[in-house]
Amino acid sequence: DAGVIQSPRHEVTEMGQEVTLRCKPISGHNSLFWYRQTMMRGLELLIYFNNNVPIDDSGMPEDRFSAKMPNASFSTLKIQPSEPRDSAVYFCASSLGGAPRTDTQYFGPGTRLTVL
Amino acid sequence: DAKTTQPNSMESNEEEPVHLPCNHSTISGTDYIHWYRQLPSQGPEYVIHGLTSNVNNRMASLAIAEDRKSSTLILHRATLRDAAVYYCILRDGGGGADGLTFGKGTHLIIQP
C-alpha cells in the first residue's frame, strides 16, 4: 500500500488567499484525522472523521478552517482566508477505526504551509 | 486522556540499548499506553502499545510497571535512524475523541 498520501507537500501563499490541503487515506481505513504541528503548540488534533462523517471538530481553530470527506478515499482541509499564523505542518492520518484504545494511526508525510 | 510526563531529551550511543521513561500516575484501569515517534521532517509513526503486560515487537519493547503508573520504551540496539522525538500517549477511547493527544515527547539523540 502507498500509505497516506497528502498533497501538496509544500504550499506558499499570501495572506488572504484560500488554501486547500488534500489527503488520501489508506484503502480500507474508516477513520481519518487532521493534525497541525507548530513549534509553539506541538502536534494538535484539528478534526476527525469516522466513515466519512465528522465526529469531533473541537480542535478546529476558527471558522476560517473547514474540512470535508466526500468519500472514503478523499478529504480536504480548507483555510479561507489564510493568515500568517496558520503557517504550520498539517498532517493527515488514517486508521481502521472501531477500537480507539488499540487503534493504530498511520500518518502521511505532511503539508508544510507558509502564509506570507 | 490522562497526562504523561517524559524527559525533554536523552542521549545515547549507537548500538547501545536505550530506555525511554514515561510517567503516567493518573492512568485509569482501561487506558492503553501507546508510543509513537517522529523522525525529522516526517509524520509520526506508531511504535508499540500495551495495557498491563510487557510487549515486544520488531521495533521495540514496552515495559509497564506493576502499578501502571510508569512505563519504559526500550530500543535494544539503537541506530542513527532511531534519532527522533518519542511520544508516550494514553488512550482510553471512553467516549472521548479518538484522536491522539501529543505532549512534548522526548528528543532522542544518538551519537555515532
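Up top you'll find the structure we're talking about.
To start, this report covers the structure provided alongside it. What you are looking at is a predicted structure, and each value in this text was computed from that prediction instead of being measured.

**A word on the state of the cysteines**
Next, step 1: Scanning all chains against the criterion turns up 2 disulfides over all chains.
Next, step 2: Here Cys-23 of chain A is linked by a disulfide to Cys-92 of chain A, with a sulfur-sulfur distance of 1.9 Å. Taking the sign of the S-S torsion, about -70° here, the bridge from Cys-23 of chain A to Cys-92 of chain A comes out left-handed. Residue Cys-23 of chain A is found in strand 3 (residues 19-24), and its partner Cys-92 of chain A is found in strand 9 (residues 88-95); the two are separated by 69 residues along the sequence.
Next, step 3: The disulfide partner of Cys-22 of chain B is Cys-88 of chain B, and the gap between their sulfur atoms is 2.1 Å. When the S-S torsion is -85°, as for the bridge of Cys-22 of chain B with Cys-88 of chain B, the disulfide is left-handed. In this pair, Cys-22 of chain B sits in strand 2 (residues 18-23) while Cys-88 of chain B sits in strand 8 (residues 84-91), placing the two residues 66 residues apart along the sequence.
Next, step 4: Residue Cys-22 of chain B is classed as buried on the basis of its relative accessible area of 1%.

**Observations concerning the pairing of strand 11 (residues 111-115) of chain A**
In regular strands, side chains alternate between the two faces of the sheet.
Residue and element names in this part refer to chain A.
Next, step 1: Burial of strand 11 is one-sided: the residues Thr-111, Leu-113 and Val-115 facing one way are buried, the residues Arg-112 and Thr-114 facing the other way are not.
Next, step 2: Bridging between strand 2 (residues 10-13) and strand 11 involves 4 bridges; their strand directions are parallel. In the strand pairing of strand 11, Val-12 is matched with Thr-114.

**Brief notes about the interface of chain B and chain A**
Next, step 1: With 20 residues of chain B at the contact, the number on the chain A side is 18 residues.
Next, step 2: Around 1700 Å² of area is buried between chain B and chain A when both sides are counted, 54% of it from carbon and sulfur atoms.
Next, step 3: Between the two partners, chain B and chain A, sit 0 salt bridges.
Next, step 4: Run the count over chain B and chain A and you get 4 residue pairs in polar contact (both at pLDDT 80 or more).
Next, step 5: Those elements that place two or more of their residues in the side of chain B that touches chain A are strand 3 (32-38), strand 4 (45-50) and strand 8 of chain B.
Next, step 6: Ranked by the residues each element gives to the side of chain B that touches chain A, the list is headed by strand 3 of chain B, at 4 residues.
Next, step 7: By residue class, the composition of the side of chain B that touches chain A is 8 nonpolar, 9 polar and 3 charged.

**Some points on the sheet that holds strand 3 of chain A**
All names here are of chain A.
Next, step 1: Ordered by their spatial adjacency, 4 strands build an open sheet running 1-3-8-7, and the pairing between neighbours is antiparallel. Looking at which strands have only one partner, the edges of the open sheet turn out to be strand 1 (5-7) and strand 7 (65-71). Strand after strand, the sheet turns through a mean of 15° between neighbouring axes, direction not considered.
Next, step 2: Across 5 bridges, strand 7 lies against strand 8 (residues 74-79) in antiparallel orientation. Looking across to strand 8, one finds that Lys-68 is bridged to Thr-76.

**Topic: the sheet that holds strand 9 (residues 106-111) of chain B**
Residue and element names in this part refer to chain B.
Next, step 1: Spatially, the 5 strands line up as an open sheet ordered 1-9-8-3-4, and their pairing is mixed. Both outer strands of the open sheet, strand 1 (9-13) and strand 4, are each paired with one neighbouring strand and no more. Ignoring which end each strand starts from, the neighbouring axes of this sheet average 25° apart.
Next, step 2: Here 7 bridges tie strand 3 to strand 8, and the two strands are oriented antiparallel to one another. Across the sheet, residue His-34 finds its bridge partner in strand 8, namely Ile-89.

**Notes on the layout of surface pockets**
Next, step 1: Taken as a whole, the largest pocket encloses approximately 980 Å³ of empty space.
Next, step 2: Along the walls of the largest pocket sit 39 residues, with Gln-37, Thr-38 and Gly-42 of chain A together with Gln-38 and Tyr-87 of chain B positioned nearest its centre.
Next, step 3: Among the elements of the structure, strand 4 (31-38), strand 5 (42-50), strand 9 and strand 11 of chain A together with strand 8 of chain B are those that each provide at least two residues to the lining of the largest pocket.
Next, step 4: The element best represented in the lining of the largest pocket is strand 5 of chain A, accounting for 4 residues.
Next, step 5: Estimates place the volume of the second largest pocket at around 160 Å³.
Next, step 6: Along its surface, the second largest pocket is lined by Gly-3, Val-4, Ile-26, Thr-104, Gln-105, Tyr-106 and Phe-107 of chain A together with Pro-44, Glu-45, Tyr-46, Arg-58 and Met-59 of chain B.
Next, step 7: Elements represented by at least two residues in the lining of the second largest pocket include exactly strand 10 (106-107) of chain A together with strand 4 of chain B.
Next, step 8: Here the residues of the lining of the second largest pocket sort into 7 nonpolar, 3 polar and 2 charged.

About the criteria used
- Throughout this document, residue positions are counted from 1 along each chain, in the order its sequence is written.
- Labels follow written order: the first chain is A, the first ligand is 1, and so on.
- A pLDDT threshold of at least 70 governs which residues receive local features in this predicted model, and a stricter bar of 80 or more applies before side-chain atom pairs are shown or counted, although totals over entire chains, interfaces and linings include all residues.
- Side-chain numbers here rest on the full set of heavy atoms in the structure, without hydrogens or water.
- Disulfide: a pair of cysteine sulfur atoms within 2.5 Å of each other.
- Labels follow the DSSP assignment, with helices taken as runs of H or I lasting at least four residues and strands as runs of E lasting at least two, numbered in each case from the N terminus.
- When accessible area is computed with a 1.4 Å probe and restricted to protein chains, residues below 20% of their type maximum are described as buried, those above 50% as exposed, and intermediate ones as partly exposed.
- By this definition, two strands are paired if DSSP reports at least two bridges between them.
- Pairs of residues are marked as contacts when any of their non-hydrogen atoms sit within 4.5 Å.
- Summed over both partners, the accessible area lost on bringing two parts together, with a 1.4 Å probe, is the buried area.
- Any carboxyl oxygen of Asp or Glu that lies within 4 Å of a side-chain nitrogen of Lys or Arg is treated as forming a salt bridge with it.
- Nitrogen and oxygen atoms within 3.5 Å of one another constitute a polar contact, given that in protein one can donate a hydrogen and the other can accept it, and given that sequence-neighbouring residues count only through two side-chain atoms.
- Gly is put with the polar residues, along with every residue not named as nonpolar or charged; the nonpolar set is Ala, Val, Leu, Ile, Met, Phe, Trp, Tyr, Cys and Pro, and the charged set is Asp, Glu, Lys and Arg.
- Axes here mean lines fitted to C-alpha atoms, for a helix over just the part in contact, with angles spanning 0 to 180 degrees between N-to-C directions.
- Cavities and pockets are defined on a 1 Å grid built over the protein atoms alone: a cavity is a set of grid points where a 1.4 Å probe fits but cannot escape, while a pocket is an open set with protein on both sides within 12 Å along at least five of seven lines, and lining residues are those with an atom within 4 Å of any such point.
- Grid points are joined across faces, edges and corners, and a volume is the space filled by probe spheres set on the points.

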